Amino acid sequence: MTLEYQMFQNIHPGRLWLLQPLTILLLLASDRRAAALPKAVVKLEPPWTHVLQEDYVTLRCQGAHTPGNNSAQWFHNGSSIPTQVQASYRFKAKRDDSGKYRCQTGQTSLSDPVYLGVLSVLIEEEGYKATNRQLSTKEAEGTTS
């Protein structure tokens, strides 16, 4: 018998049924606190949803952090990325990096998903070959046609 049960029986004998609604209310209140956390936001740098293979991409998890702890939990296509714990990380894009990214910090709820598509492009036209790097540079300058 728990101490709370004994105290309740001493104060309100025969009214054990009151504990059940009280427990439910306490559980609902704790769920509301979790839901009240601000949502983290994933930012892509460069801010494109599609990048070329071999391009560098930086993902940033924006949101409140616990003082002295700037870590974040990252997810790719619903699976945790245990090797990435920093709020920001940079990588060279590969085809299998395509998908949805989400993050969460100690003071935020899980972010909405952000999609990143990694494209592999080689164009041959009239003897001209454009590499991924050349296309990426033209896209950054806004000169692709």
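Residues numbered from 1 in each chain as written. Predicted model: local features only at pLDDT ≥ 70, side-chain atom pairs only at ≥ 80, totals over all residues. Heavy atoms only, no water.

Undergrad: Can you explain the state of the cysteines? Please cite residues and give values.
TA: Under the definition given, this model contains one disulfide. Residue pairing for Cys61: its cysteine sulfur links by disulfide to Cys103, the two sulfurs lying 2.1 Å apart. Of note, the bridge from Cys61 to Cys103 carries an S-S torsion of about 85 degrees and is right-handed in sense. You can see Cys61 sitting in strand β3 (residues 56-62) and its partner Cys103 sitting in strand β7 (residues 99-104), a full 42 residues away along the chain. The pair Cys61 / Cys103 is uniform in exposure class, with both members buried. (Disulfide = S-S within 2.5 Å. Helix = DSSP H or I, 4+ residues; strand = E, 2+ residues; numbered from the N terminus. Buried < 20%, exposed > 50% of the residue type's maximum accessible area, 1.4 Å probe, protein only.)

Undergrad: How would you sum up the sheet that holds strand β2 (residues 50-52)? Please name residues and give values.
TA: Pairing in this open sheet of five strands is mixed, and the strands run β2-β8-β7-β4-β5 from one edge to the other. Strands at the two margins of the open sheet, each flanked by one partner only, are β2 and β5 (79-80). For β7 and strand β8 (residues 114-119), the ladder comprises three bridges, and the chain directions are antiparallel. Looking at the pairing, Lys100 lines up with Tyr115 of β8. (Pairing = 2+ DSSP bridges.)

Undergrad: Describe the side chain of Asp97, naming the residues involved and giving the relevant values.
TA: With respect to the element layout, Asp97 can be found in the loop between β6 (88-92) and β7. Buried within the structure, Asp97 lacks any salt-bridge partner; Lys94 is the closest side chain of opposite charge, at an N-O distance of 4.1 Å. Non-local contacts of Asp97, meaning those with residues more than four positions away in its chain, are made with His76, Phe91, Lys92, Leu116 and Val118. (Lys, Arg positive; Asp, Glu negative; His and termini not counted. Salt bridge = Lys/Arg side-chain N within 4 Å of Asp/Glu carboxyl O. Contact = heavy atoms within 4.5 Å.)

Undergrad: For the nonpolar core, give the residues involved together with the corresponding values.
TA: Val57, Leu59, Trp74, Tyr89, Phe91, Tyr101 and Leu116 are the most contacted members of the largest nonpolar core, which totals 19 residues. For this core, the secondary structure elements donating two or more residues are β1 (41-45), β3, β6, β7 and β8. (Core = buried A, V, L, I, M, F, W, Y, C linked by side-chain atoms within 4.5 Å.)

Undergrad: An account of unusual backbone geometry is requested, with residue identities and associated values reported.
TA: The step from Glu45 to Pro46 runs through a cis peptide bond, and the omega angle for that step is 0 degrees. Its place among the elements puts Pro46 in the loop between β1 and β2. We note that Glu54 has phi near 85 degrees; this positive angle belongs to a residue other than glycine. Structurally, Glu54 is set in the loop between β2 and β3. On the basis of relative accessible area, Glu54 is assigned to the partly exposed category, the value being 37%. For Asn77, which is not a glycine, the phi torsion comes out positive at approximately 50 degrees. Within the secondary structure, Asn77 is located in the loop between β4 (73-76) and β5. Classification of Asn77 by relative accessible area gives partly exposed; the value is 48%.

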